[in-house]
There are 2 protein chains.
Amino acid sequence: MEGPAVPSPGARTAHRPLRLEHAELTGGPLRQWQDVNRRVSLPLAVGWLEKAGNLRNLRIAAGEADGEFRGPVYMDSDVHKVLESAAWHLREVPDEALADFAGRTALLLERAQQDDGYLDSHYQVAAPGRRYAQLVDSHELYCAGHLIQAAVAARRSSGDTKLLAVARRFADHLADVFLPGPGPGLDGHPEVETALVELYRVTGEERYLELSAAFVERRGHGLVGRHKHGTMHRQDHLPVRTAPTLTGHAVRGLYLEAGVVDVAVETGDEELLAASVARWEDMTAAKTSLTGGLGSRQVGEVFGERYELPPDLSYNETCASAASIQWSWRLLLATGEARYADLIERTLYNAFSAARSTDGRTYYKGNPLTRRPDHAEAVGDPRCRDEWFFSACCPPAVTRLVASLEHYAATVSEHAGVPTFHLHQYAPMELACPFAGGRLGLRVETDYPWHGRVAITITEAPAGPFALALRIPPWSARTTLETPDGARLDAAPDEHGYAVVSRDWRAGEQLVLHLDLTPRLTVPHPRIDALRGSAAVERGPLVYCFEQADQEEGAEVDDLALPLGVAFEEVEHADLAGVGRTVLLRAAGLALGGAHEAGLPYRTHGGPYAEDSRCRTSVTAVPYFQWDNRGDGAMRVWVPFVSG
Amino acid sequence: MEGPAVPSPGARTAHRPLRLEHAELTGGPLRQWQDVNRRVSLPLAVGWLEKAGNLRNLRIAAGEADGEFRGPVYMDSDVHKVLESAAWHLREVPDEALADFAGRTALLLERAQQDDGYLDSHYQVAAPGRRYAQLVDSHELYCAGHLIQAAVAARRSSGDTKLLAVARRFADHLADVFLPGPGPGLDGHPEVETALVELYRVTGEERYLELSAAFVERRGHGLVGRHKHGTMHRQDHLPVRTAPTLTGHAVRGLYLEAGVVDVAVETGDEELLAASVARWEDMTAAKTSLTGGLGSRQVGEVFGERYELPPDLSYNETCASAASIQWSWRLLLATGEARYADLIERTLYNAFSAARSTDGRTYYKGNPLTRRPDHAEAVGDPRCRDEWFFSACCPPAVTRLVASLEHYAATVSEHAGVPTFHLHQYAPMELACPFAGGRLGLRVETDYPWHGRVAITITEAPAGPFALALRIPPWSARTTLETPDGARLDAAPDEHGYAVVSRDWRAGEQLVLHLDLTPRLTVPHPRIDALRGSAAVERGPLVYCFEQADQEEGAEVDDLALPLGVAFEEVEHADLAGVGRTVLLRAAGLALGGAHEAGLPYRTHGGPYAEDSRCRTSVTAVPYFQWDNRGDGAMRVWVPFVSG
């Protein structure tokens, strides 16, 4: 069993992923998200595919139902994404209902598929004869990509090849149509690029890799076609080898990057990889929300300009968070650098996990960092979670990533000639895999992210020396390691971001990592206008926020401020109502009052009008990923940071 | 000749407007905007009505051309707005081309009008039989409103009644259809309400006032119909008597308020007036940009939440600025309070006039307060001016207001039993009107807004005492008056905001007002997250901005900051290339550099990473209304305000 994004043996990567069965989450939030995913979210999603008409569209395409196509053109993709989610889950525990859904739906897709391999219920039912006629918006290859990923997941997880046969027929058809030349053009929504490389990895069919590489290289030459937002919105304004920054539709841009890295590592193309790395650095430096959220501008669902990172209006689409994790994971494998795992962790524990309610039932599409008390009075933003959407891309983007979370926890490499086992994410886990000519077993015991102690016990060890490499998060101010011989030393990261302990490890030995979870105040870069003069509170990997529910009577979230020198007290809750296990942060803060000059919300500095006022109040913060599980109140991540 | 918004003799208002011929602008920016309006903007607009197909749509409706309807459903309204602009201009100087356009187009509208009075080329050509079937989006009554306003303008300005007859037939038809009861509902875009009151004022036909009052009262009961953004977007969620705040689509909300005040003053309905005043106060306090721009959220073109006033993403539609001036003008007449003229001035000299380029050729639809250096790399916002738009509401909204600017300069009242002449806006002007049983003549000489001296000479005076009331802008820190007897005294405003000088005025006497134009630093209310820690520079009524074109070599606008205690030097230019007459402001400022921690645009406060850096640079600001006439560079109104 393998997970998502598994480079082929010949690929040029620094690290290799584990097989799926080599890691098991045994507790903590990640495991909890997986449990709720399987018990609550997936059954709901399957129900919605029926209610929203996705499955019926396919039945009509298969000639088994009458009626009109319902929903947006990419309705099939939701089916594929739920199938992929089911596939990852079906490897672990038997789930009859889920297996039944997966089996029935694979057969339905098989019956709906046309003789030449084409499969898209919208174009078969609602627009016959319009195949590939308007690729800029048609999502035909986008849907094909998700079908392929679902098929790859089923093959890798449970070995089921029913769907893989459907996907291969479609991919063969795509290769026939698009490989000889640009032909009908390029899909306006990248996704098929990374999917085709995965299909190549599973099948060994070189044409799929060639087709993916062709799609990647053709981008940036105006082949997508005209769109009202321009070629930049569809990442078609510059070739991927030269585009310096991520622009346009965020999810599209991020999906494309996953394909770029996949092609680069499979073909050993260092220039292509470097171009993607440069864009990742630029995005991280100037277009990334503190929560890891990406695509700050709601109009067009696009990356904003550099440093356009407004807390209240930030769009931060849930799909973009998932796509970012998938891109960073590929860069981590390619380069072996911990910074990619750092961003994965930031995104996973904040922007991504906040999208879904604690009970697993409802989702945000956009993930702002502020909700004002009067948010119901304006329109335009998604300001509350919903079970499903007309454009329902986000819920199954969550379920498919959560279903395979353990895949992102560890990798192996030859690090400086020494077989090295890398731990990127910290959670209670059992790990066991062939390693260094023998077999390695590890048990990770930790209460992370609530506490910073991570105990790693060797349960099985190969003969000879090998290294354990532990990612040292940059936010941990003082990190130490307890080695098996009782020493406690500073856990200094190497140039790749890992603390590496190399020795003749024996079963029963333990390495204990102590991460520093002291709450810290974070301030923004001066170019971020919308955050100037504000601070946010973080603790370990968690970004915190101030919700109205936790504040003192009469203290409005919109008035809160933090004084210079503020110190936070940690308040543990085993099961806070609506939220569950958490650590709240409490401090002596301030409430600000403002003066209106001439009726306007501005005043002359040093002028005759009253200055702003301030009074003391206690302030309480809750992890952002747990917000909005206790009613409709105001919320802020960033609050004023004032002297005195 | 009368101007726009002239209450009928029986209306309950504190002030009365002058007749149009009683005021003439003789110089200064307002006069310059009028000149360019007539010479450049209007001929261009007339050309666009032909190029974009508006006139052709009407010809098809009249049975004089073949083809399909082109453009959005409200194409007719652009024709009406250009006709209104032409009407105001045609009173002053003979303009054969403009008169020819107005005459021909009035006849075309007459021929296109249906037998029962209905007139809307979209529904006649593209959707026959769908009349009033979908009022939430159809704009049929919105277009009727603009037709009526054009007809009222032609009647008041040149006495021409051709268009008035067309408008009356349409209004009679509307009264037949909508007066008996809600019937087909309410238009999703208010405008007809204020237009019908104006038509009542011109014709004396009570049914028009009744119909307007009915439309106003019916609002808030769900009669507009379903819209994807909800009833709030169409101001149909709460009755106008109880709605506490302006919400939804900004231009719609503001147009509705003009109608509310018109109905209130004509029917003497104090409760209705008070409700509108309360919303104006709320809007001014929490939803108004420093430039007077309104409707901060581009998604849905709506009012944002309270204190949602982002400089970079603010939409501030040009039409909303014009609508705000029209609403404030009505409230000024109703109440006699200078604060409405204050907001008119702020909007007029900043958000409104910045929309059009200095040469009168191109327009912004949205008016942000920031443009970043990489603005071309994102999509979604209107980041450069254009000659015309597919949805071309804004250009003729500018031309119709500019064509009658002098109308907003002065009013008359009985102030505390004394006949009083109020001056609200300062510009070189000749004023002459029947007054206090005789005739009053005034000459205003000033170099405002570049200099603060305003000399008012009595050129003709009625017998007996009367008062001159001069609006004292709240930004003028030290304002003085020189009276005819040589005294110089503090110009203390009364409770309405005016400095009142009452005496037996004689021809030849002069009153000189000295307004304080010392540049001032303005800071935002602490609830405006997006402006925290920033300051803006203002001088008199002008908001300033920093454009890249004026900065030192190497100093990027995005890095600029102002230190505490910064002092601005005034640099006069008689004709700065591309800009014209202006006063620049120059100071010793700072350039900030930022630190990236872990590659992100955030850092731990007091953490191990480098602090932000700063170095000295000179900074130069230009009036916001003159921005973007010198290339495509970055611009900011608000910049960091830092200690040290």
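Refer to the structure presented above.
A brief report on the enclosed structure follows. (Residues numbered from 1 in each chain as written. Chains lettered and ligands numbered in written order. Predicted model: local features only at pLDDT ≥ 70, side-chain atom pairs only at ≥ 80, totals over all residues. Heavy atoms only, no water.)

With respect to the overall build of chain A
At step 1: Within chain A, the regular secondary structure consists of 15 helices and 23 strands.
At step 2: Computed over the C-alpha atoms, the radius of gyration of chain A is 25 Å, within 12% of the 26 Å expected from 2.2 N^0.38 for a compact globule of 644 residues.
At step 3: If you line up chain A on its principal axes, its C-alpha atoms span 75 × 70 × 50 Å.
At step 4: By the burial criterion, 67% of the 644 residues in chain A qualify as buried.
At step 5: Summarising the internal contacts of chain A: among those between residues at least 6 apart in sequence, 69% fall at separations of at least 24.
At step 6: Put simply, chain A shows about 20300 Å² of open surface, and 50% of that area lies on carbon and sulfur atoms. (Helix = DSSP H or I, 4+ residues; strand = E, 2+ residues; numbered from the N terminus. Rg over C-alpha atoms; globule rule 2.2 N^0.38 Å. Buried < 20%, exposed > 50% of the residue type's maximum accessible area, 1.4 Å probe, protein only. Contact = heavy atoms within 4.5 Å. Areas by Shrake-Rupley, 256 points an atom, 1.4 Å probe, with all protein chains shown as cover.)

Details of the interface of chain B and chain A
At step 1: Contact residues are listed per partner, giving 74 residues for chain B and 74 residues for chain A.
At step 2: Together chain B and chain A conceal approximately 6300 Å² of surface at their shared face, both sides included; 56% is due to carbon and sulfur atoms.
At step 3: At the boundary of chain B and chain A, one finds twelve salt bridges.
At step 4: Here A:Arg527 and B:Asp558 are joined by a salt bridge, their closest N and O atoms 4.0 Å apart.
At step 5: Broken down by element, the side of chain B that touches chain A gets its largest block of residues, five residues, from strand S14 (residues 520-524) of chain B.
At step 6: Looking at the side of chain B that touches chain A, its residues break down into 31 nonpolar, 22 polar and 21 charged.
At step 7: Here strand S14 (residues 520-524) of chain A runs beside strand S20 (residues 602-604) of chain B; their pairing, made up of three bridges, is antiparallel. Directly across from A:Pro524, in S20(B), lies its bridge partner B:Tyr602. (Buried area = accessible area lost by both parts, 1.4 Å probe. Salt bridge = Lys/Arg side-chain N within 4 Å of Asp/Glu carboxyl O. Nonpolar A, V, L, I, M, F, W, Y, C, P; charged D, E, K, R; others polar. Pairing = 2+ DSSP bridges.)

Details of helix H1 (residues 28-51) of chain A
All names here are of chain A.
At step 1: In this model H1 runs 33 Å from its N-terminal to its C-terminal C-alpha over 24 residues, within 8% of the 34 Å that 1.5 Å per residue would give.
At step 2: Bending of H1 peaks at approximately 45° at the position of Asn-37.
At step 3: Phi turns positive, to about 100°, at Gly-53, one or two residues after H1. (Expected span 1.5 Å × (residues − 1). Bend = angle between axes of the 7 residues up to and from the residue.)

Some thoughts on the packing of helix H10 (residues 206-218) of chain A against helix H11 (residues 250-267) of chain A
Residues and elements named next belong to chain A.
At step 1: Relative to each other, H10 and H11 sit at 125°, their axes nearing to 10 Å. Between H10 and H11, the angle is such that the two are oblique. Judged by the sense of rotation from one axis to the other, the crossing of H10 with H11 is left-handed. Note on element contacts: H11 touches H10 through Gly-259, Val-260, Val-263, Glu-266 and Thr-267, opposite Leu-209, Ser-212, Ala-213 and Val-216.
At step 2: Broken down by class, the residue content of the contact of H10 with H11 amounts to five nonpolar, three polar and one charged. (Axes fitted to C-alpha atoms, helices over the stretch in contact; angles between N-to-C directions. Parallel < 35°, antiparallel > 145°, perpendicular 65-115°, else oblique. Left-handed = near helix turned anticlockwise from the far one by under 90°.)

Considering the layout of surface pockets
At step 1: Estimates place the volume of the second largest pocket at around 1400 Å³.
At step 2: Taken together, 41 residues make up the lining of the second largest pocket; nearest its centre are A:Gly533, A:Phe641, B:Gly533, B:Phe641 and B:Val642.
At step 3: The set of elements that each furnish at least two residues to the lining of the second largest pocket consists of S14, strand S19 (580-593), strand S21 (613-623) and strand S23 (639-642) of chain A together with S14, strand S19 (580-593), strand S21 (613-623) and strand S23 (639-642) of chain B.
At step 4: Class assignment of the residues belonging to the lining of the second largest pocket gives a composition of 17 nonpolar, 14 polar and ten charged. (1 Å grid on protein atoms, 1.4 Å probe; cavity = no way out; pocket = protein on both sides within 12 Å on 5 of 7 lines; lining within 4 Å. Points joined across faces, edges and corners; volume = space filled by probe spheres on them.)

A few points about the sheet that holds strand S1 (residues 16-17) of chain B
Residues and elements named next belong to chain B.
At step 1: Within the open sheet, the five strands sit side by side as S1-S4-S5-S9-S12. Their pairing is mixed. What marks the edges here is a single partner per strand, and that holds for S1 and strand S12 (498-503).
At step 2: Looking at chain direction, strand S5 (residues 418-423) and strand S9 (residues 466-471) are connected through four bridges and run parallel. Of the residues in S9, the one forming a bridge with Thr-420 is Ala-467.

A few points about the side chain of B:Gln425
Residues and elements named next belong to chain B.
At step 1: Residue position: Gln-425 is located in the loop between S5 and strand S6 (429-435).
At step 2: By relative accessible area, which is 4% here, Gln-425 ends up buried.
At step 3: The contacts of Gln-425, once residues within four sequence positions are left out, are Ala-341, Ile-344, Glu-345, Tyr-408, Ala-409 and Arg-471.

A closer look at the sheet that holds strand S11 (residues 488-490) of chain A
Residues and elements named next belong to chain A.
At step 1: A sheet is described by the order of its strands in space; here seven strands give the open sequence S2-S6-S7-S8-S13-S10-S11, paired in antiparallel fashion. Each having just a single partner strand, strand S2 (23-25) and S11 make up the two edges of the open sheet. Here the average twist between neighbouring strands, direction ignored, is 20°.
At step 2: With six bridges connecting them, strand S7 (residues 438-446) and strand S8 (residues 453-460) associate as antiparallel partners.

Some words on the relation of the copies chain B and chain A
At step 1: The transform that puts chain B on chain A rotates by 180° and translates by 0.0 Å along the axis, for an RMSD of 0.0 Å. Both copies of the chain, as the preceding transformation shows, are related through a two-fold rotation axis. For chain B, the smallest separation between a C-alpha atom and the rotation axis is recorded for B:Ala530, amounting to 2.0 Å.
At step 2: Both copies share a contact surface, since 100% of the interface residues of chain B are interface residues in chain A too. (Least-squares fit on C-alpha atoms with pLDDT ≥ 70 in both.)

Regarding the pairing of strand S18 (residues 569-576) of chain B
Residue and element names in this part refer to chain B.
At step 1: In this sheet, S19 lies alongside S18 in antiparallel orientation, the contact comprising six bridges. Opposite Glu-570, over in S19, you have Leu-585 as the bridge partner.
At step 2: Hairpin remark: S18 followed by S19, antiparallel, with three residues in the connecting loop; positive phi at Gly-578, about 85°.

Some thoughts on the packing of H11(A) against helix H13 (residues 318-335) of chain A
All names here are of chain A.
At step 1: Where H11 meets H13, the closest approach of the two axes is 9 Å, and the angle between their N-to-C directions is 20°. Considered as vectors, H11 and H13 are oriented roughly parallel to each other. When the axes of H11 and H13 are compared, the crossing they make is left-handed. Between H11 and H13, the contacting residues are Ala-250, Val-251, Leu-254, Tyr-255, Glu-257, Ala-258, Val-261, Asp-262 and Val-265 on the first element and Cys-319, Ala-320, Ala-323, Ser-324, Gln-326, Trp-327, Arg-330, Leu-331 and Ala-334 on the second.

Looking at the packing of aromatic side chains
The description of an aromatic ring pair uses the distance of the two centres, along with the angle that the planes make with each other.
At step 1: Tallied over the full model, the rule gives 36 aromatic pairs over all chains.
At step 2: Aromatic side chains A:Tyr132 and A:Phe178 sit 5.2 Å apart centroid to centroid with 80° between the ring planes, which places their arrangement in the edge-to-face category. In this pair, A:Tyr132 is assigned in the loop between helix H5 (121-126) and helix H6 (135-138) and A:Phe178 in helix H8 (residues 162-178), connecting sequence segments 46 residues apart. The pair formed by A:Tyr132 and A:Phe178 is uniform in burial state, with each residue classed as buried.
At step 3: Arranged with centres 5.5 Å apart and planes meeting at 75°, the rings of B:Trp33 and B:Phe625 form a pair that is edge-to-face. One end of the pair, B:Trp33, is in helix H1 (residues 28-51); the other, B:Phe625, is in the loop between S21 and strand S22 (635-636), with 592 residues separating them in the sequence.
At step 4: Among the aromatic residues, ring-to-ring pairing joins A:Trp33, A:Tyr349, A:Tyr426, A:Tyr448, A:Trp450 and A:Phe625 into one connected group.
At step 5: In this arrangement the basic side chain of A:Lys51 is found over the ring face of A:Trp48, its NZ or CZ atom lying 4.1 Å from the centre.
At step 6: Over the ring of B:Tyr118 we find B:Arg131, and its NZ or CZ is 4.0 Å from the ring centre. (Phe/Tyr/Trp six-rings, centres within 6.5 Å; stacked < 30°, edge-to-face > 60°. Lys NZ or Arg CZ within 6 Å of the ring centre and 35° of its normal.)

Quick word on the side chain of A:Asp282
Residue and element names in this part refer to chain A.
At step 1: Here Asp-282 shows up in helix H12 (residues 270-286).
At step 2: On the basis of relative accessible area, Asp-282 is assigned to the buried category, the value being 14%.
At step 3: Residues in contact with Asp-282, not counting those within four places in the same chain, are Pro-244, Thr-245, Leu-246, Lys-287 and Arg-306.

What about the pairing of strand S13 (residues 510-514) of chain A?
Residue and element names in this part refer to chain A.
At step 1: Counting buried positions along S13 gives four out of five residues, so the element sits mostly inside the fold.
At step 2: Relative to S13, S8 is paired through five bridges, and the arrangement is antiparallel. Residue pairing in the sheet places Thr-457 in a bridge with Gln-510 of S13.
At step 3: Pairing geometry for strand S10 (residues 480-482) and S13, over three bridges, is antiparallel. Bridging across to S13, Thr-480 finds its partner in His-514.

In short, geometric facts, not functional conclusions.
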